[in-house]
Amino acid sequence: MNMKKLILILAAFALAFPLIGAKLQVVTTYPYIAGLTEQVGGDRVDVRALAGGQWDPHTIMAKPSFIAKLRRADLLIINGAQLEIGWLPPLLNQASNPKVNVGARGLLDLSRSVKMLDVPDNVSRAHGDIHPDGNPHYYLDPHNMLPLAEAIAAKLSELDGTGVQAYRKNLADFRVQWNAKLEEWDRRLADLKGAMVIEYHQNYDYLLRRYGIELLGTIELLPGIPPTSRHIQELEAKIDNASVRFILQDVYNPDEASRHIATKHHIRLIKLPHDIGAVREADGLFSLFEEIIRRLTHD
Ligand SMILES: [Zn+2]
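The structure displayed is predicted, hence computed values, not measured ones.

The four strands lie next to each other as E6-E5-E7-E8, forming an open sheet whose pairing is parallel. The sheet is open, and its two borders are formed by strand E6 (214-218) and strand E8 (268-271), each paired with just one other strand. Adjacent strand axes in the sheet meet at a mean angle of 30 degrees, parallel and antiparallel pairs treated alike. In this structure, strand E5 (residues 196-199) lies alongside strand E7 (residues 244-249), joined through four bridges in parallel fashion. In the strand pairing of E7, Met196 is matched with Val244. Helix-sheet contacts for helix H9 (residues 256-265) involve E7 and E8, and the interaxial angle to E7 is about 165 degrees. On the sheet, helix H10 (residues 285-297) packs against E7 and E8 and is oriented at approximately 170 degrees with respect to E8.

See below:
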């Protein structure tokens, strides 16, 4: 085969499959970020999440495959606000990919796009060991998905200029669908306004704040620090003087203390997913919130 013919064949292939090899390789720390990136990126991106949705997001057990994924990444999207501080930095070091290192264009920290709760005004341990910069679980307020989607669309457009129109359209479509769901979810959760709850860990604070649900206390002593018997006694004394509707428990922390208090004080214990894949029903971004709201509102 002569060179001219070969070039013609290669050119034909390039025209037939313009996206092969050209997809932006995106790695996300958590499944919810992957779900959101797929909404905005569509078929221009290849998205992989590192952590599994059933795992404790603060303490992810790294696998060798994580480093391989980080090495291939054009873009790494993280939750930020120190949620990954316990596990991601050594992996980034080992992957040594200049595209996604701290300070590089290919690293997007989503926590910069939302307003954080419980940001400490001084350096103290009052917020426990694992929320030193405030509560990082902002993604469990469904209203926060829109600013996050906008931040992702802006970053994808910056790194992949030819896709700007596609990202803009995908974002607009997502906004319409998500706003319709928000309207429905807001309506369904309106009845819980003023209700009092207890959480194991402060996973759902942003959701509670959004819908006017009040938090009596947590079963953990502090974020990341298990309950002591004295703390449980103090919490039980508060329960006696309040009308507590639910105890909210995630799927990965031990639930003995929650079950004990629920039984003793006749309070309903609700296990909630905290990410896509945490429970069977939460198999995508829409169904994650659908399932949280179903579990909170069904009798
Ligand atoms: Zn936490």
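Moving on from the model shown.
Turning next to the environment of Pro147. Considering the arrangement of structural elements, one finds Pro147 in helix H5 (residues 145-159). Separated by 39 residues in the primary sequence, Pro147 and Asp186 place their C-alpha atoms 18 Å from one another. Beyond its immediate sequence surroundings of up to four residues, Pro147 is in contact with Ser113 and Val114.

Under the 1.5 Å per step criterion, the end-to-end length of H5 is 21 Å for 15 residues, consistent within 8% with the ideal 21 Å. For H5, the complete set of buried residues consists of Met145, Leu146, Leu148, Ala149, Ala151, Ile152, Ala153, Lys155, Leu156 and Ser157.

Turning our eyes to something else, we now look at the coordination of the zinc ion. Taken together, His58 (NE2), His131 (NE2), His137 (NE2) and His201 (NE2) make up the full set of protein donors to the zinc ion, lying 2.0 Å away. Here the zinc ion binds four donor atoms, and the angle range of 104 to 123 degrees at the metal identifies the geometry as tetrahedral. Mapped onto the polypeptide sequence, the residues donating to the zinc ion form the spacing pattern H-x72-H-x5-H-x63-H. Given the relative accessible area of 1%, His131 is considered buried.

For side chains bearing opposite charge, pairing can occur when the charged atoms are close. Tallied over the entire structure, the rule returns 21 salt bridges. Across the pair Glu236 and Lys264 runs a salt bridge whose closest N-O atoms are separated by 2.9 Å. With a gap of 28 residues between them, Glu236 in helix H8 (residues 229-240) and Lys264 in helix H9 connect regions that are remote in the sequence. In this structure, Glu281 and Arg295 form a salt bridge, with 3.2 Å as the shortest nitrogen-oxygen distance. In this pair, Glu281 sits in the loop between E8 and H10 while Arg295 sits in helix H10, placing the two residues 14 residues apart along the sequence. Shared partners join several salt bridges into a network, and the residues in it are Arg280, Glu281, Glu291, Arg294 and Arg295.

Attention shifts here to the packing of H8 against H9. Where H8 contacts H9, the two axes come as close as 12 Å, and the packing angle between them is 30 degrees. Where H8 crosses over H9, the handedness of that crossing is right-handed. Within the contact between the two elements, H8 uses Ile232, Leu235, Glu236, Ile239 and Asp240 and H9 uses Ala257, His260, Ile261, Lys264 and His265. By residue class, the composition of the contact of H8 with H9 is five nonpolar, two polar and three charged.

For the rest of this paragraph, the subject is the packing of aromatic side chains. Centre distance and the angle of the planes are the two values used to describe a pair of aromatic rings. Throughout the structure, instances matching the rule amount to eleven aromatic pairs. Ring centres of Trp178 and Phe286 lie 4.9 Å apart, and the angle between their planes is 70 degrees; this geometry places the pair in the edge-to-face category. Linking Trp178 in helix H6 (residues 164-189) with Phe286 in helix H10, this pair joins segments that are 108 residues apart in sequence. When its relative accessible area of 0% is taken as the criterion, Trp178 is described as buried. Taken together, the ring pairs connect Phe174, Trp178, Trp185, Phe286 and Phe289 into an aromatic cluster.

Pairing in this open sheet of four strands is parallel, and the strands run E2-E1-E3-E4 from one edge to the other. Of all the strands in the sheet, the pair left with one neighbour each is strand E2 (45-49) and strand E4 (107-109). Shown here is a sheet whose adjacent strand axes are inclined to one another by a mean of 20 degrees, direction ignored. Taken together, the three bridges between strand E3 (residues 75-78) and E4 define a ladder with parallel strand orientation. Counted as the bridge partner of Leu76 is Leu107 from E4.

Scoring rules and cut-offs
Residues numbered from 1 in each chain as written. Predicted model: local features only at pLDDT ≥ 70, side-chain atom pairs only at ≥ 80, totals over all residues. Heavy atoms only, no water. Pairing = 2+ DSSP bridges. Helix = DSSP H or I, 4+ residues; strand = E, 2+ residues; numbered from the N terminus. Axes fitted to C-alpha atoms, helices over the stretch in contact; angles between N-to-C directions. Contact = heavy atoms within 4.5 Å. Expected span 1.5 Å × (residues − 1). Buried < 20%, exposed > 50% of the residue type's maximum accessible area, 1.4 Å probe, protein only. Donors = N, O, S within 2.8 Å, 3.2 Å for Na, K, Ca; no water. Tetrahedral: all angles 85-135°; square planar, octahedral: opposite > 155°, others 65-115°. Salt bridge = Lys/Arg side-chain N within 4 Å of Asp/Glu carboxyl O. Left-handed = near helix turned anticlockwise from the far one by under 90°. Nonpolar A, V, L, I, M, F, W, Y, C, P; charged D, E, K, R; others polar. Phe/Tyr/Trp six-rings, centres within 6.5 Å; stacked < 30°, edge-to-face > 60°.

The values reported here are purely geometric and, on their own, carry no functional implication.
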